[in-house]
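As a plain string of letters, each chain reads:
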Amino acid sequence: MKQSKKILRLMTIVGCILLGIGILLSGAGFTAMGFSLNAFTHPKGGKAVQETVFYKDSPKEIEVNIYSGNVTIRKDENAEELQVDAASNVYDIYMEYGALVVKDKDSFIADGPGKMNWYQILNLSPGGDYDVTITLPAKELDTVTITTYMGSIQLSQLQGESVSATTDSGNVEVTEVSAADKMEIISSMGDVQLQACTGGDLIVDSDMSNTDINDCQFENGKLTGSSGSIQSKDSTWNTLDVENDMGNCVLDHVTASETVTCATGMGNVELTKLSSPDIHLEADSGNITGSILGDQKDYQIMQETDMGNSNLKDQLGGACVLEVETSMGNIDLKFTK
């Protein structure tokens, strides 16, 4: 009986201590929020309300850096003025030195762009439209830079020197966009899709998503993925380098005028009429199959498989190069005209 009373007394003391600590932490948090529960909302004190703003001057640069919301940038042949549809009580929207800037208001930023105050992670008063839509007249741009941490990105019918799109959670869709110098797309959790795009260098880095590139033409391509398939169809490159950790690499009617490299960790390499004078294919755990456009006698072939079968044999004499290697998988490649 005495032992039970001691345990009960000890538990009561511990409970009181924990309750006191909880009260102190709650008070400190409430103080940090300015003694108002409205601090939980984004924006502070109310829901996002969309407004439309027009600018007579067309920008040479566009910079969007927001935490939450989809971003759409498109060209309208019939538009006479730049149009921005966004919530002015959530974002700062302004033109500066020829650049259109859309970013989170300082009241929403803790440690820099995209950094939420800890108490805004839970939104007790959700609502409103946080999307940003920018409609442009038919004019060229120097740079387009978009960053959204929780939202999708859509770009269409744009021409510029450099295009950059980054999202932590959301899809990226780019249609009929030309980036003369470089196009860079980074997506952590969302698919990447490019359609009818052109430019200099294309860099795509996707963590947990699929990459789909159709009917595009770039000078150099660097496509990397951690988990998800990477596919390029009906596209032309000078050089193409594909690296995928866990997922397939699919090259369908792809032409690389100089060289193409495709390597997968856990996934297949699938080819349909791949055309290039310098081809390097590697799969640690997966098959390498499909067709290569050309005559087999024109290639110097080096093939190796540790655990699997191969329909190819080493071959010397050709001006072109085909290097194929698997650790655990089969090699089944055919040449076609």
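Computed from a prediction, not measured in an experiment: that's the story for all the values here. (Residues numbered from 1 in each chain as written. Predicted model: local features only at pLDDT ≥ 70, side-chain atom pairs only at ≥ 80, totals over all residues. Heavy atoms only, no water.)

Draft legend 1. Looking closely at a negative patch on the surface. The grouping of Glu282, Asp284, Glu304, Asp306, Asp314, Glu323 and Glu325 at the surface amounts to a negative patch. Among the elements of the structure, strand S22 (278-285), strand S24 (299-307) and strand S25 (320-328) are those that each provide at least two residues to the negative patch. By secondary structure assignment, the location of aspartate 306 is in strand S24. The exposure class assigned to aspartate 306 is exposed, which follows from its relative accessible area of 52%. (Patch = residues over 30% accessible without salt bridge, like charges linked within 9 Å, V, L, I, M, F, W, Y side chains within 5 Å. Areas by Shrake-Rupley, 256 points an atom, 1.4 Å probe, with all protein chains shown as cover. Salt bridge = Lys/Arg side-chain N within 4 Å of Asp/Glu carboxyl O. Lys, Arg positive; Asp, Glu negative; His and termini not counted. Charge placed at Lys NZ, Arg CZ, Asp CG, Glu CD. Helix = DSSP H or I, 4+ residues; strand = E, 2+ residues; numbered from the N terminus. Buried < 20%, exposed > 50% of the residue type's maximum accessible area, 1.4 Å probe, protein only.)

Draft legend 2. Representation of the state of the cysteines within the structure. One pass over the structure, following the stated rule, counts one disulfide. Here cysteine 249 pairs with cysteine 262 through a disulfide, and the sulfurs are 2.3 Å apart. Here cysteine 249, found in strand S19 (residues 249-252), pairs with cysteine 262, found in strand S20 (residues 255-266); they are 13 residues apart in sequence, far enough to count as distant. Relative accessible area serves as the criterion here: at 0%, cysteine 249 is assigned to the buried category. (Disulfide = S-S within 2.5 Å.)

Draft legend 3. Spatial organisation of the confidence of the model for the protein. With 81% of its residues at a pLDDT of 70 or more, the protein shows a mean pLDDT of 85. Scored below 50 in pLDDT, residues 35-43 shows 28 contacts in the model against residues more than four places distant or in partner chains. Contacts from residues 118-127, a stretch scored under 50 in pLDDT, to residues over four places away or in other chains number 20 contacts. (pLDDT = per-residue confidence, 0-100. Contact = heavy atoms within 4.5 Å.)

Draft legend 4. Just the nonpolar core, in detail. Membership of the largest hydrophobic core comes to 70 residues, with the highest contact counts inside it found for Ile73, Ile134, Met183, Leu194, Leu281 and Leu322. The leading source of residues in this core is strand S4 (residues 82-87), at four residues. When residues no more than four places from it in sequence are discounted, the contact partners of leucine 322 are Ile279, Leu281, Ile292, Tyr299, Gln300, Ile301, Met302, Leu312 and Phe335. (Core = buried A, V, L, I, M, F, W, Y, C linked by side-chain atoms within 4.5 Å.)

Draft legend 5. The arrangement of the packing of aromatic side chains in detail. Tallying each qualifying case throughout the model produces three aromatic pairs. Ring centres of phenylalanine 218 and tryptophan 237 lie 5.9 Å apart, and the angle between their planes is 25°; on these two criteria the pair is classed as stacked. In this pair, phenylalanine 218 sits in strand S16 (residues 217-227) while tryptophan 237 sits in strand S18 (residues 236-246), placing the two residues 19 residues apart along the sequence. Like phenylalanine 218, the residue tryptophan 237 is buried in the burial classification. Here the aromatic rings of tyrosine 299 and phenylalanine 335 are separated by 5.4 Å at their centres, their planes lie at 50°, and the arrangement is tilted. Of the two residues, tyrosine 299 is situated in strand S24 and phenylalanine 335 in strand S26 (residues 331-336); the sequence distance between them amounts to 36 residues. For tyrosine 299, a relative accessible area of 4% translates into the label buried. (Phe/Tyr/Trp six-rings, centres within 6.5 Å; stacked < 30°, edge-to-face > 60°.)

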